[in-house]
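# Observations on the model geometry
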Amino acid sequence: MQDDKTGVILDIDDVCISYSGELAVRNVSLPIYEKKITAIIGPSGCGKSTLLRSLNRMNDFIPGCELTGTVTFGDVNLVNADPVDLRRRIGMVFQRPNPFPKSIHRNVAWGPTINGFSGDMDERVEKALQQAALWDEVKDRLQDSALNLSGGQQQRLCIARALAMEPEIILMDEPCSALDPVSTARIEDLLFELKENYTIVIVTHNMQQAARVSEYTAFLENGVLVEYGDTEDVFTNPRNQRTEDYVTGRFG
Amino acid sequence: MKQSHIRYSEKLLEILFFLCAAISVVTTIAVIVVLAVETYGFLKQVPVTEFLFGTLWTPLLEPKSYGLLPLLSGTMLIVVGASLVALPIGVASAVYLSEYASDKTRRMLKPVLEVLAGIPTVVYGFFALTFVTPIIKIFLPETHVFNAASAAIVVGIMVLPMVASLCDDALRAVPASLREGAYSLGATSFEVTTRVVLPAGLSGIFAAFVLAISRAIGETMAVTLAAGATPNLTLNPLESIQTMTAYIVQVSLGDTPAGTLTYQTLFAVAAVLFLITLVLNIAANSIMKRFQEVYE
């Protein structure tokens, strides 16, 4: 927004994303601040997930998906970066928990293993599980299948799996949409602890969640960034009528 | 009045459809009964231990001997050889189709695979005899004109489309979310394939293997043409052998009178063949079921 770029870890500049020629995200410019939580909200189909997934190049797997504009990460434009390297630094948690059909331990160790981590794996796994507030529940059954965990536990395991890579940024694509309110509350608590060390971008269509957890909020509609600012301003004193209608629940 | 007329014809159709469905069931049962009766008659004259563990199979020559092992070893040579060809290439093809090929390429390649599966097996047998065997002979001149190796190679090629197609199904049944999870951790395509997709699809791949082996065991035409008609207890694939299926062809084409012991060997061999493939198919089915449950 402003010219001051201090603390900006990702600078999204004039990004357009299209699927087979059809624009899904239009000229979005947005800063992502380091060690803060940025929420992207908006009605279904507004392009918020598309925008999020472009930040670690997950749209590469969708045939016909094209991106223009720049996303500056450190000193690289991640649009041209090596996606494999990039994803090691920018982790992701998906809408539905997607643990591998392997043991809890191997799920968390998976990322470090393929990236040639040579330190103490048990320690790394324990640390990640503790950061994800799952350690106490699973420490006695690390060799059990991850598929035996509850949905909420599986999602925290997926967060632990991403944390084990020690990424700089964690992207979360509606991480609580498949969870019950208790599990959701646990994950929201977790987000507060994680932002001490990590930058988080979270897509959600739960406005209360965005209001509760984030410092900054971006409101997208039909692929257009309608409003971006401090979460408090966006929710209590929106500059745009559409934003006000959306956050007060008049549509969406 | 009209309504009862409709119900009457409904009932008639139901019976008609039931009869059609019953045909295959009744046929299967009839085949099993005939196999069992004739095999029982055979085993009354030849002790089951001689039949299963005897090392000489000469039911058409004097002195007659009814040891199944040469036919079993012949069949196994074909199965092992065909597996060595079909399984690695089949899995690799499936990996390409499901993990690397674009939708367009896939849409072109899948029908080609199915065409390959539709080539009459006699063509494969002919191909083995006139094309594969001469090539093997260039490298290994001691190879017999009829030999297990060339038949095994073409049987491998024959079951390859099935292996590739079933493995492709197994890999595509692995949810895309697992791949995304792996990619999001900075994995390369190769790592995603070998460390997530293949392990997750393993039971389906295993089931494909079992079905392929089952088909290789039952395969008849190519081995009759190319592998020979010499019941031969050997592990050397360059020698002429005879498989269980090829034996059945040989006797069926001859003028063996019904009711004789030689005639009954047909049913005894067929019963063994049936039991082996039945067990394999049941195994494959139960493996498939288990892998379908994993993601539900």
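Residues numbered from 1 in each chain as written. Chains lettered and ligands numbered in written order. Predicted model: local features only at pLDDT ≥ 70, side-chain atom pairs only at ≥ 80, totals over all residues.

### Considerations on the overall build of chain A
The secondary structure content of chain A amounts to ten helices and ten strands. Here chain A has a C-alpha radius of gyration of 18 Å; the compact-globule value for 252 residues is 18 Å, and the two agree. Summarising its shape, the C-alpha atoms of chain A cover approximately 55 × 40 × 35 Å along the three principal directions. The 252 residues of chain A split such that 47% are buried. A separation threshold of at least 6 residues defines the contact pool for chain A, and within that pool the share at least 24 residues apart is 69%. (Helix = DSSP H or I, 4+ residues; strand = E, 2+ residues; numbered from the N terminus. Rg over C-alpha atoms; globule rule 2.2 N^0.38 Å. Buried ≥ 20, exposed ≤ 12 C-beta atoms within 10 Å, placed from the backbone. Contact = placed C-beta atoms within 7 Å.)

### Considerations on the overall build of chain B
A count of helical and extended segments in chain B gives twelve helices and zero strands. Mapped in sequence order, the helices and strands of chain B form the string α-α-α-α-α-α-α-α-α-α-α-α. Seen through its principal axes, chain B has C-alpha atoms that stretch 80 × 70 × 35 Å. In chain B, which comprises 296 residues, the proportion classed as buried is 41%. In chain B, the share of contacts with a sequence separation of at least 24, taken over all contacts with a separation of at least 6, comes to 73%.

### Remarks on the packing of helix α3 (residues 69-100) of chain B against helix α8 (residues 189-200) of chain B
Residues and elements named next belong to chain B. Their axes nearest at 11 Å, the elements α3 and α8 cross at an angle of 115°. In terms of their interaxial angle, α3 and α8 are classed as roughly perpendicular. Note on packing geometry: the crossing formed by α3 with α8 is right-handed. Between α3 and α8, the residues in contact are Val95, Glu99 and Tyr100 and Ser189, Thr193 and Val197, respectively. Of the residues belonging to the contact of α3 with α8, the class tally is three nonpolar, two polar and one charged. (Axes fitted to C-alpha atoms, helices over the stretch in contact; angles between N-to-C directions. Parallel < 35°, antiparallel > 145°, perpendicular 65-115°, else oblique. Left-handed = near helix turned anticlockwise from the far one by under 90°. Nonpolar A, V, L, I, M, F, W, Y, C, P; charged D, E, K, R; others polar.)

### Re the interface of chain A and chain B
Between chain A and chain B, the contact holds 19 residues from the first and 16 residues from the second. Of all the secondary-structure elements, those providing two or more residues to the side of chain A that touches chain B are α2 (83-89), β6 (90-93) and α3 (104-114) of chain A. Among the residues forming the side of chain A that touches chain B, the class breakdown is ten nonpolar, five polar and four charged.

### Quick look at the nonpolar core
All names here are of chain B. Among the nonpolar cores identified, the biggest contains 152 residues, and Ile78, Ala151, Val154, Val155 and Ala222 are the most heavily contacted of them. With 17 residues, helix α6 (residues 148-172) is the largest single contributor of residues to this core. Those residues in contact with valine 154 that lie beyond four places of it in its chain are Tyr124, Phe127, Ala128, Val132, Ala222 and Ala226. (Core = buried A, V, L, I, M, F, W, Y, C linked by C-beta atoms within 7 Å.)

### A few points about the domain arrangement of chain B
Think of interface size as the accessible area that goes away when the parts come together; that is how it is often given. Residues and elements named next belong to chain B. Entries for chain B in the domain assignment read domain 1 (2-45) and domain 2 (69-294). Using C-alpha coordinates to define each centre, domain 1 is positioned 31 Å away from domain 2. With six residues of domain 1 at the contact, the number on the domain 2 side is eight residues. A breakdown of the residues in the side of domain 1 that touches domain 2 according to their chemical character gives two nonpolar, three polar and one charged. (Domains from an automatic or database assignment.)

### Considerations on the environment of phenylalanine 235 of chain A
Summarising the element assignment, phenylalanine 235 of chain A is placed in helix α9 (residues 231-236). Other than its neighbours up to four places away in sequence, phenylalanine 235 of chain A contacts Ala211 and Val247 of chain A.

### Re the pairing of strand β9 (residues 216-221) of chain A
It is a general feature of regular strands that their side chains alternate between the two faces of the sheet. Residue and element names in this part refer to chain A. The buried fraction of β9 amounts to six of the six residues, a majority that puts the element mostly inside the structure. Neither face of β9 is exposed, since Tyr216, Ala218 and Leu220 on one face and Thr217, Phe219 and Glu221 on the opposite face are all buried. With four bridges joining them, strand β3 (residues 37-41) and β9 adopt parallel strand pairing. In the strand pairing of β9, isoleucine 40 is matched with alanine 218. With six bridges connecting them, β9 and strand β10 (residues 224-230) associate as antiparallel partners. (Pairing = 2+ DSSP bridges.)

### Some points on the confidence of the model for chain B
Caution applies to low-pLDDT regions: their predicted coordinates should not be interpreted in detail. Per-chain confidence: chain B averages 91 in pLDDT, with 96% of residues scoring 70 or above. Complex prediction metrics read pTM 0.84 and ipTM 0.92. (pLDDT = per-residue confidence, 0-100.)

### Topic: the pairing of strand β4 (residues 65-73) of chain A
Residue and element names in this part refer to chain A. Looking at chain direction, strand β1 (residues 8-19) and β4 are connected through eight bridges and run antiparallel. If you follow serine 18 over to β4, its bridge partner there is glutamate 66. Pairing analysis gives two bridges linking β4 to strand β5 (residues 76-77), with the strands arranged antiparallel. From the neighbouring strand, phenylalanine 73 faces β5, where its bridge partner is valine 76.

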